[in-house]
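Reading the structure
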Amino acid sequence: MKRIEISARTVAEAVELALAQLGRDRDEVAIEVLDPGENGDEALVRVTVVEDEEERPSIEKVSAIAQRILEDLLERMDIHAYVTAVVSRVPGPQGEPEDTITLHVEGADEEAMGLLIGRRGETLRSLQFLLNLLVSRRVHAWPQLVVDVGNYRQRRQESLESLARRMAERVRQTGRPIMLEPMAAYERRIVHLALRDDKTIYTESSGEGENRKIVIYPAKS
């Protein structure tokens, strides 16, 4: 059973801190006040998760949790938008089916959308990582969550797939490998999947960290 003891100026603040660290709502925990924090002392509480952690939540429940958490994050950022969650099944890295939850953020003004996306999608990637982290603490698993703002990811995917096909054609014509620009992991995955069934070429990732790139090679004879 997961529990945490935490202190703060008041009982209410200690409870809120504990809920944030556990990634839980009030109806999912039992709260014990160990010290009410009188006479200038800090309050101390023990918060225990009472939900059955062995039960694996359905993809629909995970989707609802993710949507609620993202809506809360946007509200805290003072961004007025609405979130739609879509569950889909896509091929994984080895071709196995993989459930993916895409959270579409729409309805915000253009400036807010730009801030959420950031330079080359960097802010969007950070928001997505934070959401995955918060949701994983609630469901005790690492779900496949994708955040899309104003269809940015959809446009980016289409652009990358088009680039992959053009570069593959050039490799076929010249017989020489081509190295693409550095990409985030999810972008490299799009390129790998776009060219996976092309038997005339093959792809490999090269480099480290932010400089990791995809190289497209002609098929070995």
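Under an unreviewed UniProt entry, the name given to the protein chain is RNA-binding protein KhpB, and the organism recorded is Chloroflexus islandicus. Quoted straight from UniProt, the Sequence similarities (unreviewed entry) entry for the protein chain says "Belongs to the KhpB RNA-binding protein family."

Here we come to helix 6 (residues 185-195). E187, R188, I190, V191 and L195 are the residues of helix 6 that are buried. Projection of helix 6 onto a plane perpendicular to its axis shows the buried side chains occupying an angular sector of 155°, all on one side.

Our next topic: the packing of aromatic side chains. As enumerated under the stated definition, the model contains one aromatic pair in all. Both rings, one in Y202 and one in Y217, keep their centres 5.1 Å apart while their planes meet at 15°; by these two values the pair is stacked. With Y202 in strand 8 (residues 201-206) and Y217 in strand 9 (residues 213-218), this residue pair connects regions lying 15 residues apart in the sequence. Given a relative accessible area of 25%, Y202 falls into the partly exposed group. The ring centre of Y186 lies 4.2 Å from the NZ or CZ of R153, which sits over that ring.

So, how was this worked out
- Residues numbered from 1 in each chain as written.
- Predicted model: local features only at pLDDT ≥ 70, side-chain atom pairs only at ≥ 80, totals over all residues.
- Heavy atoms only, no water.
- UniProt positions renumbered as here; feature names shortened; annotations may be inferred.
- Buried < 20%, exposed > 50% of the residue type's maximum accessible area, 1.4 Å probe, protein only.
- Helix = DSSP H or I, 4+ residues; strand = E, 2+ residues; numbered from the N terminus.
- Arc of directions from axis to C-beta.
- Phe/Tyr/Trp six-rings, centres within 6.5 Å; stacked < 30°, edge-to-face > 60°.
- Lys NZ or Arg CZ within 6 Å of the ring centre and 35° of its normal.

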